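Report on the structure
Below, each chain spelled out in residue letters.
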Amino acid sequence: MTLDFIKENALKCGFNLCGSAHCREMTEHKKFLQNYLANNYNAGLGYLERNFDKRLDPRALMPGAKSIIVCAVSHNNLAWREQKNSTYKIASYALAKDYHGTIRVMLNQLLTTIKSKFPEVNARVFVDTAPLLEKAWAVEAGIGWIGKNSLLITPEFGSFINIGEIVLDIELEEYSKSYTNNHCGNCTRCIDQCPNSAIVAPKVLDARRCISRLTVEKNIGECESDYPTHDWLFGCDMCQSVCPFNEKAKTFTNNEFAPVIETAKLTNQYIESLTNDEFKEIFKETPMNQKR
Ligand code: B12
Ligand code: SF4
Ligand code: SF4
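Heads up: these notes are all about the structure in this document. Fair warning: this is a prediction, and the values are worked out from it, not measured in the lab.

Each helix and strand counted, the chain has 13 helices and ten strands in total. Against the compact-globule benchmark of 19 Å for 292 residues, the chain has a radius of gyration of 19 Å, which places it among compact chains. Over its C-alpha atoms, taken along the principal directions, the chain stretches across nearly 55 × 40 × 35 Å. For the chain, with 292 residues in total, the buried portion stands at 40%. The long-range fraction of contacts in the chain, counting pairs at least 24 apart against all pairs at least 6 apart in sequence, stands at 76%.

Laid out in structure tokens, this is it:
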């Protein structure tokens, strides 16, 4: 299976970027992951402690795994610039349909195409929830670099993207060249402007301070944090909004990632007047209704 065949079909399935990598143990991440957990930077997110070996090696997650296809798609709807009618803010990705379902469908579509040409392939698709270092695999697959805000940044689409993978039990004819550049340079905007100083060192996030952790994840009780959420209702885009690589980044091209909520309507008065049932109805398709 050639890289061109995979990329061409990934784009047809609605992805913006795609690459491939050979499955291996990411030993270089072991110490980082250990320190991260030892410092409680995972903020009580138990799933980051479990499956330690699987997280480092996709072959432990899927026995027989040989290769991984990494796909990325933009959800950049500019909401991070445009929510001006209220002091409340919602992360851009949360204004569209929940990406987990959308990306799973796209990955399965790509896998169906692959299987129609290579019926002997066994594979599994993953998006977000599996113990897989998705950003690190995206770097390995040549898609971008990990910025100081700890997020994957791509030259063309910036960081307002989501990632999904197909892990296969066959070797591919060729693999992408891993992304070896890091274009952050001397910039420290994300570190300086995080409202809770959650980026404690370049690429190191203390999730106990992170507004996204405080507003998105359900088991908030396990996270003993007094840090404020600065009017963010769900998620946080600050460390991406200030990133120069998002200033000129392309916006979403796949309409499945178009906002389903009209941000202009979201005034303080409107938000504060919503009953629970109204809230559920309005945001029913978005990740806000799918709290983990
Ligand atoms: C847990 C999680 C969170 C947690 C904790 C995040 C964290 N950084 O720990 C919380 C809830 C806070 C969170 C928030 C967000 N998340 Co999140 N999250 C994840 C998840 C499920 C796992 C990430 C993980 O493994 N964390 C564990 C720690 C150890 O890893 P890490 O901090 O990411 O550190 C890595 C690098 O910094 C790097 N590194 C740093 N220093 C060094 C040094 C050395 C020597 C080496 C080798 C490596 C290294 O290696 C580390 C391991 O890969 C992934 C999906 C997945 N399965 O990968 C999505 C994911 C990372 N999240 C995503 C998104 C979109 C977000 C938010 C932007 C959502 C929002 N708008 O509110 C915020 C951004 C916050 C931020 N600045 O990172 C996207 C990222 C897209 C992108 N462009 O990168 C992902 C990939 C989901 C997806 N499939 O699209 N998230
Ligand atoms: S998502 Fe918000 S709180 Fe979390 S690191 Fe980025 S700017 Fe800080
Ligand atoms: S704001 Fe600057 S330091 Fe932070 S990720 Fe973007 S380029 Fe890198």
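Along strand E2 (residues 67-74), eight of the eight residues are buried, which leaves the element largely enclosed by surrounding structure. Burial along E2 is two-sided: Ser 67, Ile 69, Cys 71 and Val 73 and Ile 68, Val 70, Ala 72 and Ser 74, pointing in opposite directions, are all buried. Bridging between strand E1 (residues 17-22) and E2 involves six bridges; their strand directions are antiparallel. By the bridge assignment for E2, Gly 19 is matched with Val 70. Note: E2 against strand E7 (residues 161-168), eight bridges, orientation antiparallel. Counterpart to Ser 67 in the pairing with E7 is Leu 168.

What follows concerns unusual backbone geometry. Backbone geometry at Ser 150 places phi at a positive 75°, although glycine is not the residue there. Mapped onto the elements of the fold, Ser 150 is located in the loop between strand E5 (145-146) and strand E6 (152-153). Residue class for Ser 150 comes out partly exposed when judged on the 18 C-beta atoms lying within 10 Å of it. The phi dihedral of His 230 falls on the positive side, at around 45°, and the residue is not glycine. Following the sequence through the fold, His 230 ends up in the loop between helix H9 (211-216) and strand E10 (232-234).

Let's shift gears to the site of ligand 1. Lining the immediate environment of ligand 1, one finds 38 residues, of which Glu 134, Leu 152, Lys 203, Ser 212 and Gly 235 sit closest. Listed by contribution, the elements that provide at least two residues to the shell around ligand 1 are helix H2 (30-38), helix H7 (134-140), E7, strand E9 (204-205) and H9. The residue inventory of the shell around ligand 1, partitioned by class, reads 23 nonpolar, seven polar and eight charged.

A word on the site of ligand 2. In the neighbourhood of ligand 2, the contacting residues comprise Asn 149, Cys 194, Asn 196, Ala 198, Ile 199, Leu 205, Cys 210, Ile 211, Ser 212, Cys 236, Met 238 and Cys 239. Broken down by secondary-structure element, the contributors of at least two residues to the shell around ligand 2 are H9 and helix H10 (238-241). Its residues assigned to classes, the shell around ligand 2 shows nine nonpolar, three polar and no charged.

Phe 15, Val 70, Cys 71, Ala 72 and Ala 138 are the most contacted members of the largest nonpolar core, which has 76 residues in total. When near neighbours in sequence (up to four residues on either side) are disregarded, Phe 15 contacts Ala 10, Cys 71, Ala 72, Val 73 and Met 106.

Across the sheet, four strands lie side by side as E1-E2-E7-E4; this open sheet has antiparallel pairing. With partners counted over all chains shown, the strands left at the sheet margins are E1 and strand E4 (123-126), one partner each. With direction set aside, neighbouring strand axes in the sheet form an average angle of 20°. Against the sheet, helix H1 (residues 3-12) touches E1 and E2, its axis set at about 145° to E1. Here helix H6 (residues 99-117) sits on the sheet and contacts E2, E4 and E7; the angle it forms with E7, its principal contact strand, is near 40°.

Quick look at the environment of Glu 174 now. Turning to its location among the elements, Glu 174 is positioned in the loop between E7 and helix H8 (189-193). Overall, Glu 174 belongs to the exposed group, with 12 C-beta atoms counted inside 10 Å. Sequence separation of Glu 174 and Asp 4 is 170 residues, and the distance between their C-alpha atoms is 9.5 Å. With sequence-adjacent residues up to four places away left out, Glu 174 is seen in contact with Thr 2 and Leu 3.

With that settled, consider the environment of Lys 66. Inspection of the secondary structure assignment puts Lys 66 in the loop between helix H4 (58-61) and E2. The spacing of Lys 66 and Ile 170 is 104 residues in sequence and 5.5 Å in space, taken between C-alpha atoms. Ignoring anything within four residues of it in the chain, the contact list for Lys 66 reads Cys 23, Leu 168, Asp 169, Ile 170 and Glu 171.

As a further point, take the environment of Cys 184. Along the chain, the position of Cys 184 falls in the loop between E7 and H8. C-alpha separation for the pair Cys 184 and Ile 153, spaced 31 residues apart in sequence, amounts to 9.5 Å. With near-sequence residues (within four places) excluded, Cys 184 lies in contact with Gly 147 and Lys 148.

Conventions and cut-offs
- Residues numbered from 1 in each chain as written.
- Chains lettered and ligands numbered in written order.
- Predicted model: local features only at pLDDT ≥ 70, side-chain atom pairs only at ≥ 80, totals over all residues.
- Helix = DSSP H or I, 4+ residues; strand = E, 2+ residues; numbered from the N terminus.
- Rg over C-alpha atoms; globule rule 2.2 N^0.38 Å.
- Buried ≥ 20, exposed ≤ 12 C-beta atoms within 10 Å, placed from the backbone.
- Contact = placed C-beta atoms within 7 Å.
- Pairing = 2+ DSSP bridges.
- Near = placed C-beta within 6 Å.
- Nonpolar A, V, L, I, M, F, W, Y, C, P; charged D, E, K, R; others polar.
- Core = buried A, V, L, I, M, F, W, Y, C linked by C-beta atoms within 7 Å.
- Axes fitted to C-alpha atoms, helices over the stretch in contact; angles between N-to-C directions.

Structural measurements only, silent on function.
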